[in-house]
Amino acid sequence: MNTQPVILDTDPGVDDALAIMLALGSPELDVIGICTVSGNVPLKTGTRNAQGLLQLLERTDIPVFAGADQPLKRDPVFATEVHGESGMGQAVLPEPSQEVKGDAVDFLIQTLSDQPGEITIIAVGPLTNLALAEQRQPGTLQKARQVIVMGGAIVETGNSTPVAEFNFYADPHAAQIVVHSGAALLVVPLDATRQVILSESNIENQIAPLQTVASQFVVDATQNVLALYRQLGREPIVYLHDPLAVGAAIAPELLRVETLYIDIETSGDLTLGQVVTDRRSLPPPHRLGKPVDCAIHVNAEAFLSLFLKRIF
Ligand code: RIB
Ligand code: CA
């Protein structure tokens, strides 16, 4: 099997960690670097989480690159209520032995320039690093083989606000730059990711009994989000938002994709970060935004089975 070189751009975050585990457990992918960005938690915390996770998984061969510590323009927002102050729920990661290898934006620009058309970028946090690379070296994102982005909500409600999903809400200006970059883009929005659910029963009956370092990490890391849902009087589950973006690279046949004309709201008080979709039957030049492939449906059962098989 020829492996696909990928760069993961992350804000670890519990589901980012699960996405990293899925990527590392998938022979189709060759993870050549992990970039970090301010998002779920501040940059320093997320970077340490990425390093600590690689230490835990004995994969310190993979370089970590630290990126933007704040969004392009708006004030930073975090999601520690979901991921915990540490960003890793109740999990405790080992002290990293490896240093950060360099700046994430420089790494993205250099690697895409050195290997045009070969690298898949899988971005599962706010898109600040990708936008800065595009601003610093216009045309950079078009050099990627594909840019897969977990973000946005098309028909689904948002999660950070009634209309905005966290990654696009946390840096709407960056999301707009990526949408307009001309890159080979695949957006994996909440419309698809809310279909892939890790239940408390999956964790208790299929993961905890494995009693490995990796399985115990998943059990500990998911405690905060399960407790949050219980407090909200909702079924305790973990949405596999970020792992599904990795799934789009390893098993694209599990996703149904539509090409939609979209743009990102960058100034609305109530609508900041919203994905605005133009479904009017107008000829292309009159449509708002850009035509972007968006995953709208997923074979959730098949993906969950693939996920559980691959991460352990
Ligand atoms: O809205 C879900 C996204 O926001 C995921 O990437 C999650 O990690 C958070 O960053
Ligand atoms: Ca994330």
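Placed above this text is the structure.
Residues numbered from 1 in each chain as written. Chains lettered and ligands numbered in written order. Predicted model: local features only at pLDDT ≥ 70, side-chain atom pairs only at ≥ 80, totals over all residues. Heavy atoms only, no water.

1. A word on the coordination of the calcium ion (ligand 2)
The condition that has to hold: Only nitrogen, oxygen and sulfur atoms within 2.8 Å of the metal, or 3.2 Å for Na, K and Ca, are treated as donors, and water is left out, so sites may look incomplete. In this description a helix means any DSSP run of H or I spanning at least four residues, a strand means any run of E spanning at least two, and both kinds are numbered starting from the N terminus. Remark: exposure states derive from per-residue accessible area (1.4 Å probe, protein chains only) relative to the maximum for the residue type, with buried under 20%, exposed over 50%, and partly exposed in between.
Protein coordination at the calcium ion (ligand 2): the donors are Asp11 (OD), Asp16 (OD), Asp16 (OD), Val124 (O) and Asp242 (OD), at 2.2 to 2.5 Å from the metal. Site description for the calcium ion (ligand 2): donor spacing in sequence, D-x4-D-x107-V-x117-D. Taken together, the residues Asp16 in helix α1 (residues 14-24) and Val124 in the loop between β5 (120-123) and α5 (128-136) connect sequence positions 108 residues apart. For the residue pair Asp16 and Val124, the accessibility class agrees, reading buried in each case.

2. A few points about helix α11 (residues 223-231)
Within the span of α11, buried status applies to Asn224, Val225, Leu226, Leu228 and Tyr229. Among the residues trailing α11, Gly233 stands out with phi positive, at a value near 70 degrees.

3. Some thoughts on helix α10 (residues 213-221)
Short version of the rule: Residue contacts are counted whenever heavy atoms from the two residues lie within 4.5 Å of one another.
When α10 is considered as a whole, its buried residues turn out to be Ala214, Ser215, Phe217, Val218, Val219 and Ala221. Contacts from the buried residues of α10 go to α1, α2 (43-56), α9 (200-207), α11 and α13 (300-311).

4. Let's talk about the site of ligand 1
Defined as follows: Proximity is defined per residue: if any heavy atom of the residue lies within 4 Å of a molecule or strand, that residue is considered near it. Any pair of nitrogen or oxygen atoms within 3.5 Å is treated as a polar contact; in protein, a donor-acceptor pairing is required on top of that, and neighbouring residues in sequence qualify only through side-chain atoms on both sides. Exposure was quantified through the Shrake-Rupley algorithm and a 1.4 Å probe, taking into account, for residues, occlusion by the shown protein chains and nothing else. Side-chain classes are defined by residue name, with Ala, Val, Leu, Ile, Met, Phe, Trp, Tyr, Cys and Pro counting as nonpolar, Asp, Glu, Lys and Arg as charged, and the others, Gly among them, as polar.
Neighbouring ligand 1 are 13 residues; Asp15, Val124, Asn159, Glu165 and Asp242 lie closest to it. Taking Asn159, its side chain carries an N or O atom lying 2.8 Å from an oxygen atom of ligand 1. Asn167 places a side-chain nitrogen or oxygen 3.0 Å from an oxygen atom of ligand 1. Computed on the free molecule, ligand 1 has an accessible area of 280 Å², of which 96% lies beneath the protein chains in the complex. Going through the elements one at a time, α1, α6 (166-170) and α12 (241-250) are the ones with two or more residues in the shell around ligand 1. Of the residues in the shell around ligand 1, the class split is 3 nonpolar, 5 polar and 5 charged.

5. What about the packing of α1 against α12?
Stated formally: Inter-axis angles, ranging from 0 to 180 degrees, are taken between N-to-C directions of lines fitted to C-alpha atoms, where helices are fitted over the stretch in contact. Relative orientations are named as follows: roughly parallel for angles under 35 degrees, roughly antiparallel for angles over 145 degrees, roughly perpendicular for angles from 65 to 115 degrees, and oblique for any other angle. Crossings are classed by handedness, with left-handed meaning an anticlockwise turn of the near helix from the far one by less than a right angle and right-handed meaning a clockwise turn.
Following both chains from N to C, one finds α1 and α12 inclined at 25 degrees, their axes separated by 6 Å at the closest point. Overall, the two elements α1 and α12 adopt an arrangement that is roughly parallel. Where α1 crosses over α12, the handedness of that crossing is right-handed. In contact with Asp15, Asp16, Leu18, Ala19, Leu22 and Ala23 of α1, α12 contributes His241, Asp242, Pro243, Val246, Gly247 and Ile250. Per-class residue counts for the contact of α1 with α12 are 7 nonpolar, 2 polar and 3 charged.

6. A word on the sheet that holds strand β6 (residues 146-150)
The strands making up a sheet associate through backbone hydrogen bonding, with each pair oriented either parallel or antiparallel. Counted only if it meets this: Strands are labelled as partners when DSSP assigns at least two bridges between them.
Sheet architecture is open: 10 strands sit in the order β4-β3-β2-β1-β5-β6-β7-β12-β10-β11, paired in mixed fashion. The open sheet has two free edges, formed respectively by β4 (102-103) and β11 (275-277), since each of these has just one partner strand. Pairing of β6 with strand β7 (residues 185-188), which is carried by 4 bridges, proceeds in the parallel orientation. The residue bridging Ile148 from the neighbouring strand is Leu186, located in β7. Where helix α7 (residues 172-179) meets the sheet, its contacts fall on β7, β10 (255-264) and β12 (290-298), and the angle it forms with β10 comes to roughly 115 degrees.

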